[in-house]
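Residue-level listing of the chains:
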Amino acid sequence: MAKSTTSSARRGRGAGIVQRAWRTLTWLLILILALVGLNWLAVATQGGQWTPRLALDLEGGTQVVLAAQLPEGQADPSSEQMQQAVSIIRQRIDASGVSEAEITTQGGRNIVVSVPGEMDQLTRDRIENSAKLEFRAVLVADQAANSQAIPADQLPEELSTTPTAEPTNASDLNWVTEQMYVDFLQFNCADLAPAAEIDPTQPLITCDDSGTEKYVLGPVEVTGERIADASSGLTTTSTGATTNQWAVNIEFDAQGTQEFAAVTERLVGLTENQNRFAVTLDNQVIVAPTTNAAITDGKPQISGNFNEESAKALADQLKFGALPFNFVAQSTSTISATLGSSQLVNGLIAGLIGLAAVVVYSLFQYRTLGLVTVASLVIAATLTYIVVTYLSNQEGYRLSLAGVAGLIVAIGITADSFIVYFERIKDELRDGKGLVSAVEGGWTRAIRTILASDAVNFLVAIVLLFVAVGNVRGFALTLGITTIIDIIVVTLFTHPLMRLLARTPFFADGHPASGLDPRSLGAVYRGRGTFRTPEQKKRGATREATKRQTLAERKAEAAKKAGDDLVAAGSGNADQKSTTSNGEKA
């Protein structure tokens, strides 16, 4: 009865494992279908494509040469100013969704910007328009959603475009003419045009960078050139205690300190929206805080709904967002691919050779079990292709030759995971376990090693992604993507597939062609599910150790054995004499 109960329990556990394996495979199928669906949606509605977009080195693109426009009599810009300008332009291009762009300096006054493919107008505007960081007083503010379309018959025949009275300062509402107020009511943030040259002495209608609020701003009172430094950090109370609120700290130079002091002394006495000042980048508001006190030391602090990341981003914009001088597009030309399609083909051929080598090794080393490796690599390649295509459609990612190298490296990473898992299964079989138990025990031991290995690869990818620029970032991105996909495949495909195969007669009975034959692995097979005992394994290990002995060691062991035999013989003779003596007495 006990044996029957145990057998039923085992069958129940086995059925549960099979169900979990099929459920896991179903989730993998759902994941693949979801990614395919997202790509289909991008292709059908957003002009996407089913193949990844190529980077500058594989496709060619557009090159724009920007020349620095300096005030008359000013010397050439310093190398630090040029590198600062390169960094700002790179950030602006990345923000437009274009990746794998190349931005370099040329001579002492030019910056060369090369982007993959044909440059759209938005990207061209981002490059050619100078980044102007300015401080303006807020005159009127409203939610961006409050956009009104006023019929022409409800408007006066002629709207005034000049102030009714001469404004006395930048916060004077006389700046808002009748025409400007009507334009403000009808203004839609979705129609905000790219940055253009606007008279800094005139008011401005614009929106914040999130498109949630629109403004009428007064003339420029402080320019970005007056910012000496900007940083982010946690705010402190009057007693010096640190709070959990993030803020942005600004430090002006001497002239900026005087100008900003005059602005805040005026704004602190106003009410509603007029006590706010807006910081604009390319005529778009990035922050518009309220003035709580007059700041005369040139060190204002901006607090609000910031977290660590957003506070640092704003500090970087304030510190590096303003170009030190204007740039004008000197020339625009189309450039050919530096490596071309032939190099891409060569890279793909190298990847196929590596893949073929892995397949041949797997089939040679693991026989039929190697087909699991092949199937897993196919699933990994499918997921990688879909994810890279999705990023290309949605995030502007472009595949460079460095990215292709990252994909090729991923073949080895993925194959390593399978090898670790299969070798752990073999170790369990050598310990005398059945295949079902070996698959479970091998997975428990293998997953720790796989996660540790992939964690190292992922950390390397993260570091490269944030530290490197250009094509190296493409390599880092593909390396990180394939590392995550490796964990997904080995968890959602390889392991559940092995659970199912372990219950098939071909693998469970240890067929020689399965790659999991206990005899070929060193285990003595003595019937279905029965392997050699630990004592038998110990004797086998002793025989193996004897084979490895040197000639001198064998002679010494033979002499010792002969001595032991003599001792045993002497002991036997003594016992025999004792028995005879006892017999005579008897």
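Residues numbered from 1 in each chain as written. Predicted model: local features only at pLDDT ≥ 70, side-chain atom pairs only at ≥ 80, totals over all residues. Heavy atoms only, no water.

The protein chain is annotated in an unreviewed UniProt entry as Protein translocase subunit SecD of Pseudoclavibacter helvolus. UniProt annotates the protein chain under Function (unreviewed entry) with the comment "Part of the Sec protein translocase complex. Interacts with the SecYEG preprotein conducting channel. SecDF uses the proton motive force (PMF) to complete protein translocation after the ATP-dependent function of SecA." As stated in UniProt under Sequence similarities (unreviewed entry), the record for the protein chain gives "Belongs to the SecD/SecF family. SecD subfamily." (UniProt positions renumbered as here; feature names shortened; annotations may be inferred.)

**Student:** How would you explain the sheet that holds strand β11 (residues 301-303) if you had to name every residue and give the values?
**Tutor:** As summarised here, the arrangement of the three strands in space is β7-β8-β11, forming an open sheet in which the pairing is antiparallel. Both edges of this open sheet fall to β7 (227-236) and β11, since each of them pairs with a single strand only. For this sheet, the mean angle separating the axes of adjacent strands, direction not counted, is 25°. Across eight bridges, the pairing between β7 and strand β8 (residues 242-252) is antiparallel. Bridge pairing in β8 links Ile-227 to Phe-252. (Pairing = 2+ DSSP bridges. Helix = DSSP H or I, 4+ residues; strand = E, 2+ residues; numbered from the N terminus. Axes fitted to C-alpha atoms, helices over the stretch in contact; angles between N-to-C directions.)

**Student:** A description of the confidence of the model for the protein chain should follow, citing residues and the corresponding values.
**Tutor:** Mean pLDDT for the protein chain: 76, with 74% of residues reaching 70 or above. Low confidence marks residues 524-542, where pLDDT is under 50. Its contacts with residues over four positions away, or in another chain, come to 21 contacts. Confidence over residues 581-586 falls short of pLDDT 50; this stretch has zero contacts with residues more than four positions distant or in other chains. (pLDDT = per-residue confidence, 0-100. Contact = heavy atoms within 4.5 Å.)

**Student:** Can you break down the pairing of strand β9 (residues 277-281) residue by residue, with the values?
**Tutor:** With five of five residues buried, β9 is to be regarded as a mostly interior element. Of the two faces of β9, the one lined by Phe-277, Val-279 and Leu-281 and the one lined by Ala-278 and Thr-280 are each fully buried. When strand β4 (residues 133-143) meets β9, the two strands line up antiparallel, connected through five bridges. Its bridge partner being in β9, Ala-137 is matched across the sheet by Phe-277. In this structure, the hairpin formed by β9 and strand β10 (residues 284-287) is closed by a connection of two residues, where Asp-282 is found at a positive phi of approximately 55°. (Buried < 20%, exposed > 50% of the residue type's maximum accessible area, 1.4 Å probe, protein only.)

**Student:** If you had to explain the packing of helix α9 (residues 370-394) against helix α10 (residues 401-430) to someone new, which residues and values would you point to?
**Tutor:** With their axes 10 Å apart at the nearest point, α9 and α10 run at an angle of 140° to one another. When the axis of α9 is compared with that of α10, the two are oblique. Here α9 and α10 pass one another in a crossing that is right-handed. Between α9 and α10, the contacting residues are Val-372, Thr-373, Ser-376, Leu-377, Ala-380 and Thr-384 on the first element and Leu-407, Ile-411, Thr-414, Phe-418 and Phe-422 on the second. Grouping the constituent residues of the contact of α9 with α10 by class yields seven nonpolar, four polar and no charged. (Parallel < 35°, antiparallel > 145°, perpendicular 65-115°, else oblique. Left-handed = near helix turned anticlockwise from the far one by under 90°. Nonpolar A, V, L, I, M, F, W, Y, C, P; charged D, E, K, R; others polar.)

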